[in-house]
Protein chains: 2
Amino acid sequence: MTDRLTAVFAALADPVRRDIVARLAGGDATVNELAKPYQISVQAVSKHLKVLETAGLVSRRRDAQRRPCHLEAEVFDLMTKWIERYRRAAEERHSRLDAVLACMHTEPSPNTGPDHTGAAS
Amino acid sequence: MTDRLTAVFAALADPVRRDIVARLAGGDATVNELAKPYQISVQAVSKHLKVLETAGLVSRRRDAQRRPCHLEAEVFDLMTKWIERYRRAAEERHSRLDAVLACMHTEPSPNTGPDHTGAAS
DNA sequence: CCCTTATTCAACCATGAGGTTGCATAAGGG
DNA sequence: CCCTTATGCAACCTCATGGTTGAATAAGGG
């Protein structure tokens, strides 16, 4: 998982981790607090938090034996930026008929006949 | 992968698939066209497209032997909505000192001595 | 009909992710 | 000091994922 975007999307591709993010949005919490609602072991939750931390979605302080987790906002911007770029592109070509033109975008396909795309009804 | 959000995030947690999305934002394309730039086999790309299709990020028509892929916009809204909710929450608590208050969020316990959290410096 | 092109399906392999348990470490509190 | 609490690390298991190759299907074209 070289790049950050991959790490972030992968981190959020798990219901438990998304739930943790949701709960951290309501305030910081310790590993044990976070683990309580789930059936899985505390260690498993600890692993999940490590994933979130590595992805930069979560940071942690020290408070005696506890390691309270804090939701970080910056990374969300990274995702939003990526998504918005393609969402806009997809919406534009959805509203117009660009989709049809796009069929012959890559190569003019000299002999194949460029207008065969019109058959797509 | 029960829910859609999981499928979408998982689909985008792969550089190749994100690249495919990026290229489809520039216009529809066939499997072969999409596969060309990569070293991996056409079959592998076909698999990637199936993942994107299952996640609802891509749809496909039929055009003779070809199956042109088309980027779908709706799913992006789903993601954006999810992200925005928590981004806002994270930013709010970042700007204020809510993080400190959050330490005692789970149990209000007003008599336990609320100022022990002040030790977290 | 057979051949070519485009795409998928099936079987297989290697790796990584999420889960478990058991032990180690950190930090107070009798 | 030992005990309890909170957390992390390591070894292990299982299954999903991404890749491969080889054959099958779909759709034209000579």
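Now for a quick tour of the structure. Within each chain, residue numbers correspond to sequence positions counted from 1 in written order. Chains and ligands are labelled sequentially in the order written, the chains with letters from A and the ligands with numbers from 1. Predicted model: local features are reported for residues with pLDDT of at least 70 only, side-chain atom pairs are reported and counted for 80 or more only, and whole-chain, interface and lining totals are derived from all residues. To get the side-chain values, all heavy atoms of the structure are used, and hydrogens and water are removed first.

**Side note on the relation of the copies chain B and chain A**
In step 1: Copy-to-copy superposition: least squares on the C-alpha atoms, limited to residues that have pLDDT of at least 70 in both copies. Once chain B is rotated about the relating axis by 180° and shifted along it by 0.0 Å, it coincides with chain A to within an RMSD of 0.0 Å. Taken together, the rotation and translation relating the two chain copies correspond to the operation of a two-fold axis. Scanning chain B for the C-alpha nearest the rotation axis identifies B:Phe9, at a separation of 2.6 Å.
In step 2: Throughout, a residue-residue contact means that at least one pair of heavy atoms, one from each residue, lies within 4.5 Å. The share of interface residues of chain B whose copies in chain A are also at the interface is 93%, consistent with both copies meeting through the same surface.

**Some remarks on the interface of chain B and chain A**
In step 1: If you look at the interface, chain B gives 45 residues, while chain A gives 44 residues.
In step 2: Using a 1.4 Å probe, buried area is obtained as the accessible area two parts lose upon being combined, added over both of them. Where chain B abuts chain A, roughly 3,800 Å² becomes buried across the two surfaces, and 65% of that area is made up of carbon and sulfur atoms.
In step 3: Throughout this description, the term salt bridge denotes a Lys or Arg side-chain nitrogen within 4 Å of a carboxyl oxygen of Asp or Glu. Counting across the interface, chain B meets chain A through 4 salt bridges.
In step 4: Counting of polar contacts relies on pairs of N or O atoms within 3.5 Å, with two restrictions inside protein: one atom must be capable of donating a hydrogen and the other of accepting it, and residues adjacent in sequence are counted only when both atoms are side-chain atoms. Our enumeration of links across chain B and chain A arrives at 4 residue pairs in polar contact (both at pLDDT 80 or more).
In step 5: Elements with a contribution of two residues or more to the side of chain B that touches chain A: helix 1 (4-12), helix 2 (15-24), strand 2 (69-71), helix 5 (74-95) and helix 6 (98-102) of chain B.
In step 6: Top element by residues in the side of chain B that touches chain A is helix 5 of chain B. It accounts for 13 residues. Strands are runs of DSSP state E lasting at least two residues, helices are runs of H or I lasting at least four, and both sets are numbered from the N terminus onward.

**What to know about the nonpolar core**
In step 1: Residues A:Phe9 and B:Phe9 are the most contacted members of the largest nonpolar core, which totals 68 residues.
In step 2: Leaving out residues up to four positions away in the same chain, B:Phe9 has contacts with A:Phe9, A:Leu12, A:Ala13, A:Arg18, A:Met79, B:Met79, B:Trp82 and B:Ile83. Side-chain atoms within 4.5 Å are what join buried Ala, Val, Leu, Ile, Met, Phe, Trp, Tyr and Cys residues into a set we call a nonpolar core. When accessible area is computed with a 1.4 Å probe and restricted to protein chains, residues below 20% of their type maximum are described as buried, those above 50% as exposed, and intermediate ones as partly exposed.

**As for the protein's contact with DNA strand D**
In step 1: Being near a molecule or strand, for a residue, means having at least one of its heavy atoms within 4 Å of it. Around DNA strand D sit 23 residues in total, of which A:Asn32, A:Ser46, B:Arg17, B:Lys47 and B:His48 are the nearest.
In step 2: In DNA strand D, atoms within 4 Å of the protein come 70% from sugar and phosphate.
In step 3: With respect to DNA strand D, the backbone of A:Val31 contributes an N or O atom lying 3.4 Å from a phosphate oxygen.
In step 4: In the environment of DNA strand D, a phosphate oxygen lies 2.8 Å from a nitrogen or oxygen atom belonging to the side chain of B:Ser41.
In step 5: Looking at the surface near DNA strand D, the elements with two or more residues in it are helix 3 (31-35) and helix 4 (42-54) of chain A together with helix 4 (42-54) of chain B.

**A closer look at the pattern of salt bridges**
In step 1: Under the criterion given, the structure shown has 14 salt bridges over all chains.
In step 2: When the shortest N-O distance is used, the salt bridge between A:Arg88 and A:Glu84 registers 3.9 Å. You can see A:Arg88 and its partner A:Glu84 sitting in helix 5 (residues 74-95), 4 residues apart, about one turn around the helix.
In step 3: Using a relative accessible area of 45% as the deciding quantity, one classes A:Arg88 as partly exposed.
In step 4: Judged by its relative accessible area of 16%, A:Glu84 is buried.
In step 5: Measuring nitrogen to oxygen at the nearest pair gives 3.8 Å for the salt bridge that ties B:Asp63 to B:Arg66.
In step 6: Judged by its relative accessible area of 27%, B:Arg66 falls in the partly exposed class.
In step 7: Here the salt bridges share partners, and the residues they tie into one network are A:Asp77, B:Glu84, B:Arg87 and B:Arg88.

**Quick look at helix 2 of chain B**
In step 1: Looking at helix 2 of chain B, one finds that the buried residues are B:Arg17, B:Arg18, B:Ile20, B:Val21 and B:Leu24. The buried side chains of helix 2 of chain B occupy one side of the element, clustering within an arc of 155° when seen end-on. To obtain the arc, one takes the directions from the helix axis to the C-beta atoms.

**Observations concerning the protein's contact with DNA strand C**
In step 1: DNA strand C sits among 23 residues. The nearest are A:Arg17, A:Lys47, A:His48, B:Ser46 and B:Arg60.
In step 2: The sugar-phosphate backbone supplies 68% of the atoms of DNA strand C found within 4 Å of the protein.
In step 3: Contact between DNA strand C and A:Gln43: a base oxygen at 3.0 Å from a side-chain N or O atom of the residue.
In step 4: Within the contact set of DNA strand C, a phosphate oxygen lies 2.8 Å away from a backbone nitrogen or oxygen of B:Asn32.
In step 5: If you list the elements that add at least two residues to the surface near DNA strand C, you get helix 4 of chain A together with helix 3 (31-35) and helix 4 of chain B.

**Examining the packing of helix 2 of chain B against helix 4 of chain B**
Residues and elements named next belong to chain B.
In step 1: The N-to-C vectors of helix 2 and helix 4 enclose an angle of 75°; their axes lie 10 Å apart at closest approach. The pairing of helix 2 with helix 4 is recorded here as roughly perpendicular in orientation. The residues of helix 4 that touch helix 2, namely those facing Val16, Arg17, Ile20 and Val21, are Val45, His48, Leu49, Val51 and Leu52.
In step 2: Across the contact of helix 2 with helix 4, the residue classes break down as 7 nonpolar, 1 polar and 1 charged. An axis is simply a line fitted to the C-alpha atoms; with a helix, the fit covers only the stretch in contact. Between two such axes, the angle follows the N-to-C directions and lies from 0 to 180 degrees. Put simply, angles under 35 degrees are roughly parallel, angles over 145 are roughly antiparallel, angles from 65 to 115 are roughly perpendicular, and the rest are oblique. Residues are grouped as follows: Ala, Val, Leu, Ile, Met, Phe, Trp, Tyr, Cys and Pro are nonpolar; Asp, Glu, Lys and Arg are charged; all remaining types, including Gly, are polar.

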